[in-house]
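Report on the structure
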Amino acid sequence: MEAASSPDGPLDPLDVAERWKASGRDVALATVVETWGSAPRPVGSHLVIDADGNFHGSVSGGCVEGAVVAEAVDVIGSGAPKMLEFGVADETAWRVGLSCGGRIKVYVERLG
Amino acid sequence: MDLKSLRELNAARAARRAAILLTKISDGSARVIREGDEVGGELDAAIAKAFRSGASGSVEADGKSWFLNVHLPPPRIVVIGAVHISQALAPMARIAGYDLEVIDPRTAFATSERFEGVSLHADWPETVLKERPLDAYCALVAVTHDPKIDDFPLKAALDAGCFYVGALGSRKTHAKRVERLTALGASEAQIARIAAPIGLDIGAASPAEIAVAVMAQIIGAFRSRGLAGRGGDA
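Residues numbered from 1 in each chain as written. Chains lettered and ligands numbered in written order. Predicted model: local features only at pLDDT ≥ 70, side-chain atom pairs only at ≥ 80, totals over all residues. Heavy atoms only, no water.

**Here's the deal with helix α1 (residues 13-22) of chain A**
The element α1 of chain A is extensively covered by neighbouring structure, given that seven of its ten residues are classed as buried. For α1 of chain A, the full list of buried residues reads P13, L14, D15, V16, A17, W20 and K21 of chain A. Where α1 of chain A is buried, its residues contact β1 (27-36), β2 (46-50) and β3 (55-57) of chain A together with α1 (3-14) and β4 (64-71) of chain B. Two to three positions downstream of the cap, the backbone nitrogen of L14 of chain A sits 3.0 Å from a side-chain oxygen, assigning the N-cap of α1 of chain A to D12 of chain A. Remark: G24 of chain A follows α1 of chain A within two positions and exhibits a positive phi of approximately 95 degrees. (Buried < 20%, exposed > 50% of the residue type's maximum accessible area, 1.4 Å probe, protein only. Helix = DSSP H or I, 4+ residues; strand = E, 2+ residues; numbered from the N terminus. Contact = heavy atoms within 4.5 Å. Polar contact = N/O pair within 3.5 Å; in protein donor to acceptor, adjacent residues only side chain to side chain.)

**Overview of a nonpolar patch on the surface**
All names here are of chain B. Among the surface-exposed residues, L200, I202 and V212 lie close enough to one another that they form a single nonpolar patch of about 260 Å² accessible area. By secondary structure assignment, the location of L200 is in the loop between β10 (194-195) and α8 (207-223). For L200, a relative accessible area of 41% gives the class partly exposed. (Patch = residues over 30% accessible without salt bridge, like charges linked within 9 Å, V, L, I, M, F, W, Y side chains within 5 Å. Areas by Shrake-Rupley, 256 points an atom, 1.4 Å probe, with all protein chains shown as cover. Salt bridge = Lys/Arg side-chain N within 4 Å of Asp/Glu carboxyl O.)

**Quick look at the confidence of the model for chain A**
For chain A, per-residue confidence averages 83 on the pLDDT scale, and residues scoring 70 or more make up 79% of the total. Confidence scores differ between elements of chain A, with helix α3 (residues 93-96) of chain A showing the lowest mean pLDDT of 53 and β2 of chain A the highest of 96. (pLDDT = per-residue confidence, 0-100.)

**Looking at the confidence of the model for chain B**
Chain-level statistics for chain B give a pLDDT mean of 92 and a share of 96% at 70 or above. For the stretch residues 227-234 of chain B, pLDDT sits under 50, and the model shows four contacts to residues farther than four places along the chain or on other chains.

**A few points about the interface of chain B and chain A**
Across the contact, 28 residues belong to chain B and 29 residues belong to chain A. Between chain B and chain A lies a buried interface of about 2100 Å² when both sides are counted; carbon and sulfur atoms form 57% of it. Here chain B and chain A share three salt bridges between them. Linking R13 of chain B and D15 of chain A is a salt bridge whose minimum nitrogen-to-oxygen distance equals 3.3 Å. Counting residues per element, the side of chain B that touches chain A draws most heavily on α1 of chain B, at seven residues. (Buried area = accessible area lost by both parts, 1.4 Å probe.)

Structural data, given as structure tokens:
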């Protein structure tokens, strides 16, 4: 067992982001910047997304990734970063809420 | 974040160096901060705190919003001695989320049968540590009882600033060890960092109990890096 140079080994989102970008793909990076209550992924966790909606990593337990990917594709197009907030208090909770009852803030930016 | 910063960040992580990615929320511009770097203004205190705690978070400073993403190397435990204590310590470290490897030149001890699934080096510490040097995110656990094997890695761990250095042996054994390490050039302050007798004082008797005491002491040392005197609120 080699000492892990990246916490998630070859599947580490930041390594994936670098590879995708180097191969010419347009890439957005989503980062959990704040959590309240019970949140499945800690502050600093990443989801990397390309212009076709391919993604890697996670910012929740799979509850809000779909919404983040959709926003990320917009961010790749516009170049302007966005701050997204998800939580159960939201009326749209069934669509893009966190079933665990937590709230998270996700920052989405275009890479490069 | 630009690609250059991402490459710099990934290179630092691959080299087991601590780094913070500092992002300005308003425009997404980012830079990589290394330990000891100063950016000036109110951010420096937040950066120093983030390196100590390892906790990423949002900060308001100098009238702007920032995000500090802290990347600390995963802690790695290097055990000198493929002994009974190490056999118990290896699975505990895995469960606690720490990388662990065992070094022992005595091939009768360092067998894959005794250490199934564990990273094992049946070689002298001098040889192994040349290839895989110790750093500040390593814990060194010396448990062979044999000065020929233990002394070199103990001195190397003190010089590398390992966050934890522990050595098995009674107070009498340790007094002799202190004499030898002093002769090797270790300072009084360095020697004071060695946990000896090894492990938290929980009255551990069996090898497995000693392993619990050692693992707990390592966790305590890792979670209180640079926070001497802090209470047990981790």
